[in-house]
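Listed below, chain by chain, are the residues.
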Amino acid sequence: MADLSLAAPGADPMPGGASPPRGRTWRRLMLRLAVYGLPVLLILVPLATFLVYSFWTIVDGQLVQSFSLANYVDFLAKPVYRGVFLSTLGLAGIVAATSLVLGYIVAYLVWRLEGRLRYLLLLLSVIPLAMNYIVKIYAMRSILGYNGFLNWVLVHLGVLQAPSKVFIFNQTAVMITMAVIYLPYAILPIFLSLERISPSLMAASADLGGRPGQTFRHVVLPLSLPGSIVGALFVMVLALGDYLTPQMVGGNQGFTFGRAIWSQFGMAFNWPFGAALAVVLLLCVVLIILAAATISRHARVK
């Protein structure tokens, strides 16, 4: 009677208990290096480099590679950087709230449709994600400009006597442009969250005598809250680090924390201080993500 050998769990069945071929072992090793090594190389290593740079200083135009907290002390000690940081947080919060409200309305209206029209409109709403970012900014400049489409409409409607400069080269222009450009990032997760709601729950609410408003408030809104939080989080994180939009539509009044970081790596040529500002922004983003995750977790429990 032939002997039956028991293979170890997870081991490849090889005749005679032989080890796997060397070629297969190398392929597995290369696959693991690609899966774990590339994120470490492309994400963690640059972040670690920024962190190390933030503890160095520039003295008389020379890089001093010694541990120092001077850059972080300068950030906390200079009111101008604290003010720009707080104003950027407020701007990003307003942009996130605006995109959340508008994105929820669009996602909800698209979700209530049936058939192919639903997915056609969803596709149209997220097509701007495939467009070049610079092109979208120039499109917004042509709309918000002194001789732009918005001023033309308001003048012809009699709202304004003459074109106004209030819509361009200020914080208002930055807020409007960011809210419009980042709107698809809010629409998509909200729609996907709405799409997961079972129609049987809506029917059960109607059978129990719930009016449409009550069904929305007690069924749809709580179940779509995780997607809404994700959409607002996407928009706020993107708005916090954006430096190109404030530069192109904000003018002198559109100075944000992203532009402050960019200026340290550019004109000021103070990479350690710029790295310290980037680390501060990264820590802020991490705290926002943790807070959003906590809110989402509590919402699911309820």
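Up top you'll find the structure we're talking about.
Criteria and thresholds
- Residues numbered from 1 in each chain as written.
- Predicted model: local features only at pLDDT ≥ 70, side-chain atom pairs only at ≥ 80, totals over all residues.
- Heavy atoms only, no water.
- Core = buried A, V, L, I, M, F, W, Y, C linked by side-chain atoms within 4.5 Å.
- Buried < 20%, exposed > 50% of the residue type's maximum accessible area, 1.4 Å probe, protein only.
- Helix = DSSP H or I, 4+ residues; strand = E, 2+ residues; numbered from the N terminus.
- Axes fitted to C-alpha atoms, helices over the stretch in contact; angles between N-to-C directions.
- Parallel < 35°, antiparallel > 145°, perpendicular 65-115°, else oblique.
- Contact = heavy atoms within 4.5 Å.
- Nonpolar A, V, L, I, M, F, W, Y, C, P; charged D, E, K, R; others polar.
- Patch = residues over 30% accessible without salt bridge, like charges linked within 9 Å, V, L, I, M, F, W, Y side chains within 5 Å.
- Areas by Shrake-Rupley, 256 points an atom, 1.4 Å probe, with all protein chains shown as cover.
- Salt bridge = Lys/Arg side-chain N within 4 Å of Asp/Glu carboxyl O.
- Lys, Arg positive; Asp, Glu negative; His and termini not counted.
- Left-handed = near helix turned anticlockwise from the far one by under 90°.

Participant: Is there a simple way to explain the nonpolar core in this structure?
Facilitator: As a rule of thumb, soluble globular proteins bury nonpolar side chains together. The biggest cluster of nonpolar side chains holds 44 residues, and the ones touching the most others in it are Phe75, Val95, Leu240, Val249, Phe257 and Leu277. Sorting the residues of this core by element identifies α2 (70-77), α3 (79-112), α5 (133-144), α7 (171-181), α10 (212-241), α11 (244-250), α12 (257-265) and α13 (271-301) as the ones contributing at least two each. Sorting elements by how many residues they give to this core places α13 first, with eleven residues. One finds Tyr104, Trp111, Leu183 and Ile187 within the second-largest nonpolar core, a separate group that totals 13 residues.

Participant: Help me out: how do you make sense of the packing of helix α4 (residues 116-126) against helix α8 (residues 183-195) in this one?
Facilitator: For any two helices packed against each other, one specifies the crossing angle of their axes together with the interaxial distance. In the contact formed by α4 and α8, the axes pass within 9 Å of each other and the chain directions differ by 155°. Comparing the axis directions of α4 and α8 gives the class roughly antiparallel. Facing Arg118, Tyr119, Leu122, Ser125 and Val126 of α4, the residues of α8 in contact are Pro184, Ile187, Leu188, Phe191 and Glu195. Here the contact of α4 with α8 is composed, by residue class, of seven nonpolar, one polar and two charged.

Participant: Before we go on, may I ask you to explain a nonpolar patch on the surface in this structure?
Facilitator: Residues Leu38, Val40, Leu41, Leu42, Ile43, Leu44, Val45, Leu47, Leu282, Val286, Leu287 and Leu290 make up a contiguous nonpolar surface patch of about 1,100 Å² in total accessible area. Broken down by secondary-structure element, the contributors of at least two residues to the nonpolar patch are α1 (22-54) and α13. Per element, the largest residue contribution to the nonpolar patch is eight residues, and it comes from α1.

Participant: Please clarify how the side chain of Lys136 should be interpreted in this entry.
Facilitator: Along the chain, the position of Lys136 falls in helix α5. No salt bridge forms around the buried Lys136; measuring N to O, its nearest opposite-charge neighbour Asp242 is 9.6 Å away. Leaving out residues up to four positions away in the same chain, Lys136 has contacts with Pro128, Leu129, Met131 and Ile181.

Participant: Is there a simple way to think about the packing of α3 against α10 in this case?
Facilitator: Running from N to C, α3 and α10 cross one another at 135°; their axes reach a closest spacing of 8 Å. One finds that α3 runs oblique with respect to α10. Relative to α10, the crossing made by α3 is right-handed. Mapping the contact onto sequence places Thr88, Leu89, Ala92, Gly93, Val95, Ala96, Ser99, Leu100, Tyr104, Tyr108 and Trp111 in α3 and Phe216, Val220, Leu221, Ser224, Ser228, Ala232, Val235, Met236, Ala239 and Leu240 in α10. When the residues that make up the contact of α3 with α10 are grouped by side-chain class, the tally is 16 nonpolar, five polar and no charged.

None of the figures reported here should be taken as evidence of function without further support.
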